[in-house]
Amino acid sequence: MTVLDRHHVRVSGAPGAQPIVFVHGFGCDQNMWRHVAPAFEDAFTVVTFDHVGAGASDLSAYDPVRHGTLQGYADDVLEILRELDLHDVVLVGHSVSAMIGVLAAVAEPEHFDKLVLVGPSPRYTDDHGYTGGFTEADITELLDSLDSNYLGWSSVMAPLIMGNPDRPELGAELTASFCRTDPDIARRFAHVTFLSDNRADLPRVTVPTLVLQCTDDVIAPVAVGQYVRDAVPGARLVLLDATGHCPQLSAPAATTAAIAEFVR
Amino acid sequence: MTSPPSDASDAAFREALRQDDPALLYDRAPCGYLSTTPDGLVVRVNETFLTWTGYRREDLVGRRRFVDLLPVGGRIYHETHYAPTLRLQGSAREIALEIVCSDGRRLPVLVNSVLDHDADGVPLVVRTAVFDATERRRYELEVLAAKRRAEESEARALQLAQTLQQTLIPPTPPHVPGLDVAAAYRPAGDGRHVGGDFYDVFQVSTDDWVVVLGDVQGKGADAAAVTALARYTVRAASVDHDAPRDVLRTLDEVLRSADTGRFCTAVVARLRRADGAWQATVACGGHPLPLLRRRGRPATSVGRHGPLLGVFPQPAFTDTDVPLRPGDALVLYTDGVTEARRRRGELYGDDRLTAVVDEHRGPAADVTDAILRDVMAYQSGDARDDIAVVTVAVE
């Protein structure tokens, strides 16, 4: 199995053009980008993929040691870039994958042209003089709620055989596979995601960086977005008038416009 | 055919129908209903939900989002999985959440949501049905706890198996001055069970070594206990007895008197160096004969077949002396090698093994690894039996 199969890598857009790589976060898969990524196909080589454990990735490639840190996920990203021989990359990382993108860009900056961090948080739990928005007890509760959904997650993994009469444009194939996540891997990924502390990595970013932040996000509050902007040298912050943690779904046009303004 | 309702049930029927107007159904339904904007702001809620949670309508409508009613952990789950799924798929089903009630109490619920769109696909409204799942959650937690216990127990069993296996199979053979010794072991299947194969390489005195390789019938903890017994019996007996046939006889007696109900096969080679020249003495009990490959010549089997160990009264084993010269190699193996089968049933056999041994005339590790690789490839990577190989080459 190649790296590209392992991550169900999809490449579209203009061949040979500057690559833009969209990286999904915890809890979902590359379908997260379906309202945003196509807008870049005219002028970019557009790459999307699934983290191991999500979507149509190869679950057997999950390695508790490698994937026990965000660096392991960053190494996966770098492997994909190497396999596709991508340089001058714009990496758009959502949620935890904003930090995965930061780690990849710090490790091998020569691959990267720009970073777009959507709803980033370098540390989710509060610390002395730092507000991440969550206590460790909150994270424990999240892990418990993942457990409660053990059965729910399992059924999410199974194809949902249901029509979508309201949105026939989605088609049967796509309705079957949104946000599939292996429950066991999801739980471990949640550990890694929500107990990481990548604050020290932010000043080491050397490529131009855009922080996209929703005005009302319970996962990554505005103060955290501001912290990231201040910590990454030269970073810009754009506040999106959007609710929730997934502006690429709740406000795809504004998200697309903000990314385009930065990368085009 | 249904019979016409009697007067009494007819009245009940009409009364129930009268009660079932849509507004009453909405408010008095046996599940909570919430309608929200696509971003989750509550626009309408039914009485059942309010009764369950203790909120007043004016606490929620136009003021709270659905996600605000969840505890923090649930909010993260909602934002990272539930909301995206709903957006992408237009629906989310059987999601287990807890609602934080007005008095702080938590109500376990199962939630189904649909997202309705207009003709252009623009999201309009989220309709959510909430089911009280208190009892179900309790049951699920029990199931989950049982699953965790089973997983832990399996992990412990695997750990135990591996630890046990490592005591029966030395990870690397010891360094023997003047000899090049290599060993390989591959448990059957997924490696979760302790196999019956074992080997050992140990020193009795200066320039006096014993190599033993054997196969205890069966698998698992019972077989492992017999394997340990066999291995330590060979060690102890080799101190008292120079001749491998006497070591095998002792092992046979011990196995029979231990009443394990398991038999065993083994090959013992005693390796002694005198005046700079090595000599091997080989005895076999129910075990495939080792291969001897002399420098520049094809490999042949050496030794004499002997009876199974732990089965027959008064068995006789035979020693065979084999002078070893520089470049010679002795290959001991278990029947997991020669009796490996292809899917259609054909045996790996002696000839294939001999060919591999003839081909690899480098260091002992080369031929050992080559045998393991070839046998595994022959079985398409799925070993049905343990495989053990020990190669002793004279430097």
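Note that the structure is predicted; figures quoted are calculated from it, not measured. Counting starts from 1 at the beginning of each chain's written sequence and moves along it residue by residue. Each chain gets a letter, beginning with A, and each ligand a number, beginning with 1, in the order they are written. Local features are withheld for residues below a pLDDT of 70 in this predicted model, meaning they are given only at 70 or higher, and side-chain atom pairs are given and counted only at 80 or more; totals for whole chains, interfaces and linings count all residues.

Focus on the overall build of chain B
For helices the rule is a DSSP run of H or I covering at least 4 residues; for strands it is a run of E covering at least 2, with both sets numbered from the N terminus onward. Within chain B, the secondary structure is distributed over 11 helices and 15 strands. Relative to its full complement of 395 residues, chain B shows a buried share of 41%. Long-range contacts, defined as pairs at least 24 residues apart, comprise 59% of the intrachain contacts of chain B with a sequence gap of at least 6. Three classes are used. A residue is buried when 20 or more other C-beta atoms lie within 10 Å of its own, exposed when 12 or fewer do, and partly exposed in between, with C-beta atoms placed from the backbone. Each residue is represented by a C-beta atom placed from its backbone, and any two residues with such atoms within 7 Å are regarded as in contact.

Overview of the overall build of chain A
Counting its regular elements, chain A contains 10 helices and 7 strands. Here chain A holds 264 residues, and the buried ones make up 49% of them.

Side note on the sheet that holds strand β1 (residues 32–36) of chain B
Residues and elements named next belong to chain B. Being paired, for any two strands, means DSSP has found at least two bridges between them. Sheet architecture is open: 5 strands sit in the order β2-β1-β5-β4-β3, paired in antiparallel fashion. This sheet does not close on itself; its edge strands, each paired only once, are β2 (42–45) and β3 (91–100). Across the sheet, the axes of successive neighbouring strands diverge by a mean angle of 25°, strand direction being ignored. Think of each axis as a best-fit line through the C-alpha atoms, taken over the contacting stretch in the case of a helix, with angles from 0 to 180 degrees between the N-to-C directions. Helix α5 (residues 72–89) rests against β3, β4 (106–117) and β5 (123–132) of the sheet, and its axis sits at about 155° to β3.

Let's talk about the sheet that holds strand β13 (residues 320–324) of chain B
All names here are of chain B. Spatially, the 5 strands line up as an open sheet ordered β7-β8-β9-β10-β13, and their pairing is antiparallel. Looking along the sheet, the strands with just one partner apiece sit at the ends: β7 (197–205) and β13. Strand-to-strand, the axes of this sheet are offset by a mean angle of 20°, without reference to chain direction. Set on the sheet, helix α8 (residues 244–258) makes contact with β9 (264–274) and β10 (277–285); between it and β9 the angle comes to about 150°.

Digging into the packing of helix α10 (residues 349–359) of chain B against helix α11 (residues 364–378) of chain B
All names here are of chain B. One can describe the packing of α10 onto α11 by two numbers: an axis separation of 9 Å at closest approach and a directional angle of 145°. The two elements α10 and α11 cross, and the hand of that crossing is right-handed. For the pair formed by α10 and α11, the contact residues are L353, V356 and V357 on the first element and V367, A370, I371 and D374 on the second. Any residue that is not Ala, Val, Leu, Ile, Met, Phe, Trp, Tyr, Cys, Pro, Asp, Glu, Lys or Arg is counted as polar, Gly included; the first ten are nonpolar and the last four charged. Residue classes in the contact of α10 with α11 are distributed as 6 nonpolar, no polar and 1 charged. Put simply, a crossing is left-handed when the front helix is turned counterclockwise from the back one by less than a right angle, and right-handed when it is turned clockwise.

What to know about the interface of chain B and chain A
Contact residues are listed per partner, giving 28 residues for chain B and 36 residues for chain A. The set of elements that each furnish at least two residues to the side of chain B that touches chain A consists of α5, β3, β4 and α6 (134–168) of chain B. The element best represented in the side of chain B that touches chain A is α5(B), accounting for 15 residues.

A closer look at the pairing of strand β6 (residues 209–216) of chain A
Residue and element names in this part refer to chain A. The element β6 is largely enclosed, with a buried count of 6 among its 8 residues. Sheet analysis places strand β5 (residues 112–118) next to β6, joined by 4 bridges and oriented parallel. Following the sheet pairing, V118 is matched in β6 by L212. Relative to strand β7 (residues 236–243), β6 is paired through 6 bridges, and the arrangement is parallel. Along β7, the bridge assignment pairs V211 with L237. By convention, orient the strands away from the viewer: a clockwise path from the first strand over the helix to the second makes the crossover right-handed. At this point the chain moves from β6, through helix α8 (residues 222–231), to the parallel β7, and the crossover so formed is right-handed.

Description of unusual backbone geometry
Its identity is not glycine, yet H8(A) carries a phi of approximately 45°, on the positive side. Its location among the elements puts H8(A) in the loop between α1 (3–6) and β1 (10–13). By the C-beta count within 10 Å, which is 18 here, H8(A) ends up partly exposed. Notably, Q314(B) is not glycine yet its phi reads approximately 50°, a positive angle. Secondary-structure assignment places Q314(B) in the loop between β12 (300–301) and β13.

A few points about the nonpolar core
For this entry, the nonpolar core is defined as buried Ala, Val, Leu, Ile, Met, Phe, Trp, Tyr and Cys residues connected by C-beta atoms within 7 Å. Counting residues in each nonpolar core, the largest one holds 99 residues, and the members touching the most others are L91(A), V92(A), I100(A), L115(A) and V116(A). Per-element tally for this core: the top contributor is helix α3 (residues 96–107) of chain A, with 8 residues. Leave out the neighbours within four places in its chain, and V92(A) touches I20(A), V21(A), F22(A), V23(A), V116(A), V118(A) and I259(A). Counting residues in each nonpolar core, the second largest holds 71 residues, with L291(B), L309(B), L372(B) and I387(B) among its members.

Section: helix α2 (residues 70–83) of chain A
Owing to its 3.6 residues per turn, the α-helix brings residues three or four apart onto one side. All names here are of chain A. The end-to-end C-alpha distance of α2 is 20 Å, a good match for the 20 Å that 14 residues give at a rise of 1.5 Å each. Inspection of α2 places L70, Y73, A74, D76, V77, I80 and L81 among the buried residues, and these make up the whole buried set. The buried residues of α2 occupy an angular sector of 150° when projected down its axis, which confines them to one face. In the core, the buried residues of α2 are packed alongside α1, β2 (19–23), β3 (45–49), β4 (89–94), α3 and α7 (183–194). After α2 finishes, the residue D85 shows a positive phi value of roughly 55°. Under the convention used throughout, the expected extent of a helix is 1.5 Å for every residue step, that is, one less than its residue count. The directions from the helix axis to the C-beta atoms form the arc being described.

Details of the confidence of the model for chain B
Scored between 0 and 100, pLDDT is the confidence that the predictor attaches to each residue. With 98% of its residues at a pLDDT of at least 70, chain B reaches an overall mean of 90. Model confidence for the complex is summarised by a pTM of 0.66, with the ipTM given as 0.85.

Thoughts on the environment of D252(B)
Residues and elements named next belong to chain B. Here D252 shows up in helix α8. When the C-alpha positions of D252 and G310 are compared, they lie 4.7 Å apart, and in sequence the two are 58 residues distant. Residues in contact with D252, not counting those within four places in the same chain, are G285, L309, G310 and P315.

Regarding α3(A)
All names here are of chain A. Across its 12 residues, α3 extends 17 Å between first and last C-alpha, which sits within 8% of the 16 Å expected from 1.5 Å per residue. Taken across its 12 residues, α3 has 10 buried, putting it largely inside the fold. Burial in α3 covers these residues: V96, S97, A98, M99, I100, G101, V102, L103, A104 and A105. The elements touched by buried residues of α3 are β2, α2, β4, β5 and α7.

Focus: the environment of D217(A)
Looking at where D217(A) falls in the secondary structure, it is placed in the loop between β6 and α8. For the pair D217(A) and P247(A), spaced 30 residues apart in sequence, the C-alpha to C-alpha distance is 9.5 Å.

Description of the packing of helix α7 (residues 220–240) of chain B against α8(B)
All names here are of chain B. Contact pair α7 / α8: the axes reach a minimum separation of 9 Å and the direction vectors enclose 140°. Taken together, the axes of α7 and α8 are oblique relative to one another. Classified by chirality, the crossing of α8 by α7 is right-handed. Residues L229, A230, T233, V234, A237 and S238 of α7 lie in contact with α8, whose contacting residues are V247, T250, L251, V254 and A258. An angle below 35 degrees is read as roughly parallel, one above 145 as roughly antiparallel, one from 65 to 115 as roughly perpendicular, and any other as oblique.

With respect to the environment of V67(B)
Relative to the helices and strands, V67(B) resides in the loop between α4 (57–60) and α5. Residues V67(B) and I99(B), spaced 32 residues apart in sequence, show a C-alpha to C-alpha distance of 9.2 Å. Filtering out sequence-adjacent residues up to four positions away, V67(B) remains in contact with V218(A), G40(B), R75(B), H78(B) and E79(B).

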